[in-house]
Amino acid sequence: PPDACASFTTTLSQAALYRLSGDYNPLHVDPEVSSRVGFPRPILHGLCSLGVSVRLVLRAFGGDDPSRLQSVKVRFSKHVFPGETLRVEMWLEQQQQQEQQQQELLSSQQQQREESSPNPTAASATTTTTTKVIFRTWVEERKVLAITNAAVELLPPASRL
């Protein structure tokens, strides 16, 4: 089972709003154009489906902080219609969890060595570990996958002074 799931219902006007991103393709707003290319009605921009999905991943694993986003990789597999509900299933990649635990252990050992070292300025630079979240996005109403083979890499939270 997924480590987390979250849903978001898009609005009927969301495709018109996403035209502000610069994609003026009439496929997203004109029923005549969308029917000519095989869709029963206009489809949502892929950028919208992606944005909703990544935002839900950030809420679940990134403290809802977009500055933690390091990379995103996805495959768009099906279209989404405005007004449909997207459900994102998310998994923390096990390998990343093990690497993070190993890094914490190594950091702890390094800190112990530095504390016992006669030269405290010889401390090594710390490495940054990322959190990798694998996800897929379902269109609930049609029970189809809209986004597959997807992953987000998140930076650790910024330290607060």
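The numbers attached to residues start from 1 for each chain and follow its sequence in the written order. With the structure being a predicted model, the display of local features is reserved for residues of pLDDT at least 70 and the display and counting of side-chain atom pairs for 80 or more, all residues being used for whole-chain, interface and lining totals. Heavy atoms throughout the structure, all of them, feed into the side-chain values; hydrogens and water do not.

Enquirer: Break down the overall build of the protein chain for me, citing the residues and quoting the values.
Expert: The helix and strand labels rest on DSSP assignments: H or I over at least four residues marks a helix, E over at least two residues marks a strand, and numbering proceeds from the N terminus. Each helix and strand counted, the protein chain has four helices and five strands in total. The order of α-helices and β-strands along the protein chain, N terminus first, is β-α-α-α-β-β-α-β-β. Among the 161 residues that make up the protein chain, the fraction classed as buried is 31%. Two residues qualify as a contact provided that any one of their heavy atoms is within 4.5 Å of a heavy atom in the partner residue. Within the protein chain, contacts between residues separated by at least 24 positions form 75% of all contacts whose residues are at least 6 apart in sequence. When a residue's accessible area, from a 1.4 Å probe over protein chains only, is under 20% of the maximum for its type it is buried; when over 50% it is exposed; and in between it is partly exposed.

Enquirer: Requested: an account of helix 3 (residues 46–61), with residues and values cited.
Expert: Relative to the 22 Å expected for 16 residues at 1.5 Å per residue, helix 3 spans 22 Å between its end C-alpha atoms, a close match to the ideal helical length. Buried residues of helix 3: Cys48, Ser49, Leu50, Val52, Ser53, Val54, Leu56, Val57, Leu58 and Phe61, and no others. As for helix 3, its buried residues are in contact with strand 1 (4–9), helix 1 (14–18), strand 2 (69–76), strand 3 (85–92), strand 4 (131–139) and strand 5 (144–154). Among the residues trailing helix 3, Gly63 stands out with phi positive, at a value near 60 degrees. A helix is expected to span 1.5 Å for every residue after the first.

Enquirer: Just give me the short version of the nonpolar core, but keep the residues and values in it.
Expert: Definition of nonpolar core: a set of buried residues of the types Ala, Val, Leu, Ile, Met, Phe, Trp, Tyr and Cys, connected through side-chain atoms within 4.5 Å. Judged by nonpolar contacts, the single largest core of 24 residues is most densely connected at Val57, Met90 and Phe135. For this core, the element with the highest residue contribution is helix 3, accounting for eight residues. With residues near it in sequence (within four places) discarded, Phe135 still touches Ser53, Val54, Val57, Val74, Val88, Glu89, Met90, Trp91, Ile147, Ala150, Ala151 and Val152.

Enquirer: Could you give an account of the pattern of salt bridges, with specific residues and numbers?
Expert: When a carboxyl oxygen of Asp or Glu lies within 4 Å of a side-chain nitrogen of Lys or Arg, that pair is called a salt bridge. Counted according to the given criterion, the structure contains six salt bridges. Between Arg59 and Asp64 there is a salt bridge; the shortest N-O distance is 3.8 Å. What makes Asp64 partly exposed here is its relative accessible area of 33%. Notably, a salt bridge pairs Glu89 with Arg87, separated by 2.6 Å at the nearest N-O pair. Residues joined by salt bridges that share partners form a network here, namely Arg87, Glu89, Arg136 and Glu140.

Enquirer: Could you give me a rundown of the environment of Glu140, with the residues and numbers involved?
Expert: Relative to the assigned elements, Glu140 resides in the loop between strand 4 and strand 5. Once the C-alpha coordinates of Glu140 and Ser7 are considered, the two residues, 133 residues apart in sequence, prove to be 8.9 Å apart. Contact partners of Glu140, with chain neighbours within four places excluded, come to Ser7, Thr85 and Arg87.

Enquirer: Provide a residue-level description of the environment of Ala16, including the pertinent values.
Expert: Relative to the helices and strands, Ala16 resides in helix 1. In sequence terms Ala16 and His28 are 12 residues apart; their C-alpha atoms lie 7.4 Å from each other.

Enquirer: Explain the side chain of Glu84 residue by residue, including any values.
Expert: As for its position among the elements, Glu84 is in the loop between strand 2 and strand 3. Residue Glu84 is classed as buried on the basis of its relative accessible area, which comes to 4%. Once residues lying within four places of it in the same chain are set aside, the contact partners of Glu84 are Phe8, Thr9, Thr10, Arg41, Val139, Glu141 and Arg142.

Enquirer: Report on the sheet that holds strand 2, specifying residues and quantitative values.
Expert: With antiparallel pairing, five strands are arranged side by side in an open sheet as 1-3-4-5-2. Bordering the open sheet on either side are strand 1 and strand 2, each of which pairs with just one other strand. Within the sheet, the average angular offset between the axes of one strand and its neighbour, ignoring direction, is 20 degrees. Bridging between strand 2 and strand 5 involves six bridges; their strand directions are antiparallel. Bridged to Leu69 within strand 5 is Leu154. Under this scheme, a helix contributes an axis fitted over its contacting stretch, all axes are lines through C-alpha atoms, and angles between N-to-C directions fall in the 0 to 180 degree range. Set on the sheet, helix 3 makes contact with strand 1, strand 2, strand 3, strand 4 and strand 5; between it and strand 3 the angle comes to about 45 degrees. We call two strands paired when DSSP finds no fewer than two bridges between them.

Shape is all these values report; function is a separate question.
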